[in-house]
Amino acid sequence: MVEKVHVRTTLNGEPTEFLVYPYQSLLETLREVIGLTGTKEGCNDGNCGACTVQVDDRIVDSCLVLGVEVEGKKVTTVEGLATPAGLHPLQQAFLEEASLQCGICTPGFLVASKALLDREPKADEHRIRHWLAGNLCRCTGYDKIIRAVQKVGATSKPARATAAQATAKRRPAGARK
Amino acid sequence: MHPFNYVAAKSVDEVTKVLAKHGDRARCLAGGTDLLVQLRAGVYELDAVVDIKTLPAANVLTLNGSLRMGSAVPCHRIYEDKAIAKAFPGIVDGASIVGGIQIQSRAGMGGNLCNSSPSADTVPGLIVHNAECVIAGPKGKRSVAAADFVTGVRRNVLKNGEFLLEVKLPKPDKGFGAAYERFTPRNEMDIAIAGVASSITLGANGKVKDAKIALAAVAPTPVQAKKAEEFLIGKEPTAANIAKASELAREAAKPISDMRGTVEQRKHLVGVLTRRTLTKALERAKEAK
């Protein structure tokens, strides 16, 4: 007989308690138990990054974390980005740069991009592309997303490179031809 | 997913007791990036999952000449530590390319070993660094070389009640260098078609004192290219000798053809990657002299 477990966590800055079966993923916990549906389910096996959330100071795929594992930890979802004063600068930049179409990947990209800029505000295009390799988008072709992240970054110039130049740039010398 | 109970382990005894009680219906949870996918796919049906991330002994990461790495230590802790990256380049190369950033937050070398996939990116690096696996079980601890840990696809030396507690890497000799490279169609987030880790130790006379070459994704387990290693030992580390060793390494590869690549392609890749990693290991060995 498997019983629900009582879990205490800090969710988007608020102390939060919930009951969850030990086999429920953090993704399922957020969406079905707590009712925060901003975090999206894409592949549900750790390939697409749509369900990215931050646990303490690291981004994770919430489909590959159990709800019970966040006991005592700080969890940040896309709902934790905007404040009553307005959108997070990344959200604003995603709108301005048209960095989304269908929107399913967007919460994951926002959470992952925020984690990068919090650590490395001056991250360059190469670093941003590398950091976001675990987030898939089938609509935008990525360039618009990268541009938005660069725009928010402290000193980086927004990318104006063509897709071909960008592809050439992100392959280090000696990489696969 | 089959309903299972969750145990946040607090002691080594607790882990071995739960594992011994449930047999093959219990497994340890480290990063979970393989286990949770497999549970969802029905590969395992478990009654208990034992989280070893809550076990202090499995989270040790201490560099003191040699390196002690708890089995729950995630990849990012390894490659973000500059001193470890400098002293143990062969494992850092692998830790840096497992999945993307999200996966590297959770996945580690302990789980990579225990998942025992032929294409594991971090196991060849452990082999060429002469890593020892410390296994805890109901009868106490025992040690197994990383080269002998994996025994088949999803099979390893762990017996009922046992789990991998930590991996120990000896202090590299003077003049030691190592490297890992894999081939994937995409630069990130992909599974190796073939991978090779190499290490070279240069003697005072400039000749190769020791060499290790370990291959990934070209046999049911990671394999060592022993003939290539033996060929190099005692020789000058010239481009011609490295090329010859790379040819010999191809013979150690016993790959299959599957959706990722063919036998011919994988053998070819072993040759190319052996040459590249030996060359990089040599550069690093010269820097470390």
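Residues numbered from 1 in each chain as written. Chains lettered and ligands numbered in written order. Predicted model: local features only at pLDDT ≥ 70, side-chain atom pairs only at ≥ 80, totals over all residues. Heavy atoms only, no water.

**Brief notes about the overall build of chain A**
Which entries qualify depends on this criterion: Secondary structure elements are taken from DSSP: a helix is a run of H or I of four residues or more, a strand is a run of E of two residues or more, and numbering for both begins at the N terminus. A contact between two residues is defined here by any heavy atoms of the two lying within 4.5 Å. In short, Shrake-Rupley with a 1.4 Å probe defines the accessible areas, and a residue's cover is counted only from the protein chains shown.
On a plain count of helices and strands, chain A comes out with 6 helices and 5 strands. Each helix and strand of chain A, placed in order from N terminus to C terminus, yields the pattern β-β-α-β-β-β-α-α-α-α-α. When contacts within chain A are restricted to residue pairs at least 6 apart in sequence, long-range pairs at least 24 apart make up 53% of them. Within the structure as shown, chain A displays about 8500 Å² of accessible surface, and the carbon and sulfur contribution to it stands at 52%.

**Points about the side chain of A:Thr39**
Residue and element names in this part refer to chain A. Note the cut-off: Residue exposure (1.4 Å probe, protein chains only): buried if accessible area is under 20% of the type maximum, exposed if over 50%, otherwise partly exposed.
Its place among the elements puts Thr-39 in the loop between α1 (26–34) and β3 (52–55). Residue Thr-39 is classed as buried on the basis of its relative accessible area of 1%. Ignoring sequence-local partners within four residues, the contact set of Thr-39 consists of Leu-27, Leu-30, Arg-31, Cys-51, Val-53, Ser-62, Thr-77, Val-78 and Glu-79.

**As for the sheet that holds strand β6 (residues 132–137) of chain B**
Residues and elements named next belong to chain B. Quick note on the threshold: What makes two strands pair is DSSP finding at least two bridges between them. Lines fitted to C-alpha atoms define the axes here, with helix axes fitted over just the stretch in contact, and angles between the N-to-C directions of these axes take values from 0 to 180 degrees.
Strand order in this open sheet of 5 strands is β4-β5-β10-β6-β7, and the pairing throughout is antiparallel. In the strand order of this sheet, the two ends are held by β4 (61–64) and β7 (140–145), each with one partner. Neighbouring strand axes in the sheet, compared pairwise and without regard to direction, differ in orientation by 20° on average. As defined by bridge partners, β4 adjoins strand β5 (residues 66–70) across 4 bridges and the pair is classed as antiparallel. What sits directly across from Leu-61, in β5, is Met-69. Strands in contact with helix α1 (residues 12–22) are β6 and β10 (163–169); relative to β10, the strand with the most contacts, it is inclined by about 130°.

**With respect to the domain arrangement of chain B**
Formally: Bear in mind that the domain bounds are from an automatic or database domain assignment.
As assigned here, chain B comprises domain 1 (5–51), domain 2 (56–169) and domain 3 (176–287). For domain 1 of chain B versus domain 3 of chain B, the distance between C-alpha centres works out to 35 Å.

**Considering the interface of chain B and chain A**
What counts, and what does not: Each reported salt bridge corresponds to a side-chain nitrogen of Lys or Arg within 4 Å of a carboxyl oxygen of Asp or Glu. As used in this structure description, the phrase polar contact means that two N or O atoms lie within 3.5 Å; if the pair is within protein, one of them must be able to donate a hydrogen and the other to accept it, and residues adjacent in sequence are counted only when both atoms belong to side chains. Gly is placed with the polar residues, together with every amino acid not listed as nonpolar (Ala, Val, Leu, Ile, Met, Phe, Trp, Tyr, Cys and Pro) or charged (Asp, Glu, Lys and Arg).
Listed by partner, the interface residues are 31 residues for chain B and 32 residues for chain A. Between the two partners, chain B and chain A, sit 4 salt bridges. Between B:Arg106 and A:Glu69 there is a salt bridge, with the nearest N and O atoms lying 2.9 Å from each other. At the boundary of chain B and chain A, one finds 12 residue pairs in polar contact (both at pLDDT 80 or more). For the side of chain B that touches chain A, the elements supplying multiple residues, two or more each, are β1 (5–8), α2 (35–41), α3 (75–79) and α6 (101–104) of chain B. Across the side of chain B that touches chain A, the residue classes tally to 13 nonpolar, 11 polar and 7 charged.

**Digging into the pattern of salt bridges**
This structure, assessed with the given rule, holds 23 salt bridges over all chains. Between B:Glu80 and A:Arg58 there is a salt bridge, with the nearest N and O atoms lying 3.1 Å from each other. One end of the pair, B:Glu80, is in the loop between α3 and α4 (82–87); the other, A:Arg58, is in strand β4 (residues 58–61), on a second chain. Judged by its relative accessible area of 38%, B:Glu80 falls in the partly exposed class. Its relative accessible area of 7% is what places A:Arg58 among the buried residues. Two residues, B:Arg68 and B:Glu166, come together in a salt bridge whose shortest N-O distance is 2.9 Å. Here B:Glu166 lies in strand β10 and B:Arg68 lies in strand β5, a separation of 98 residues in the sequence. Counted as one network, the salt bridges with shared partners bring together A:Glu69, B:Asp51, B:Lys53 and B:Arg106.

**Here's the deal with the packing of aromatic side chains**
The test is simple: By convention, a stacked pair of Phe, Tyr or Trp rings (six-membered ring in the case of Trp) has centres within 6.5 Å and planes under 30 degrees apart, an edge-to-face pair has planes over 60 apart, and any other such pair is tilted.
Taken as a whole and assessed by the stated rule, the structure comprises 3 aromatic pairs over all chains. Taking the centre distance of 5.3 Å and the plane angle of 15° together, the rings of A:Tyr21 and A:Tyr23 count as stacked. Overall, A:Tyr21 belongs to the partly exposed group, its relative accessible area being 29%. Members of the aromatic cluster, each reached through a chain of ring pairs, are A:Tyr21, A:Tyr23 and B:Phe4.

**So, the pairing of strand β1 (residues 5–11) of chain A**
Pairing geometry for β1(A) and strand β2 (residues 14–20) of chain A, over 7 bridges, is antiparallel. Looking across to β2(A), one finds that A:Arg8 is bridged to A:Glu17.

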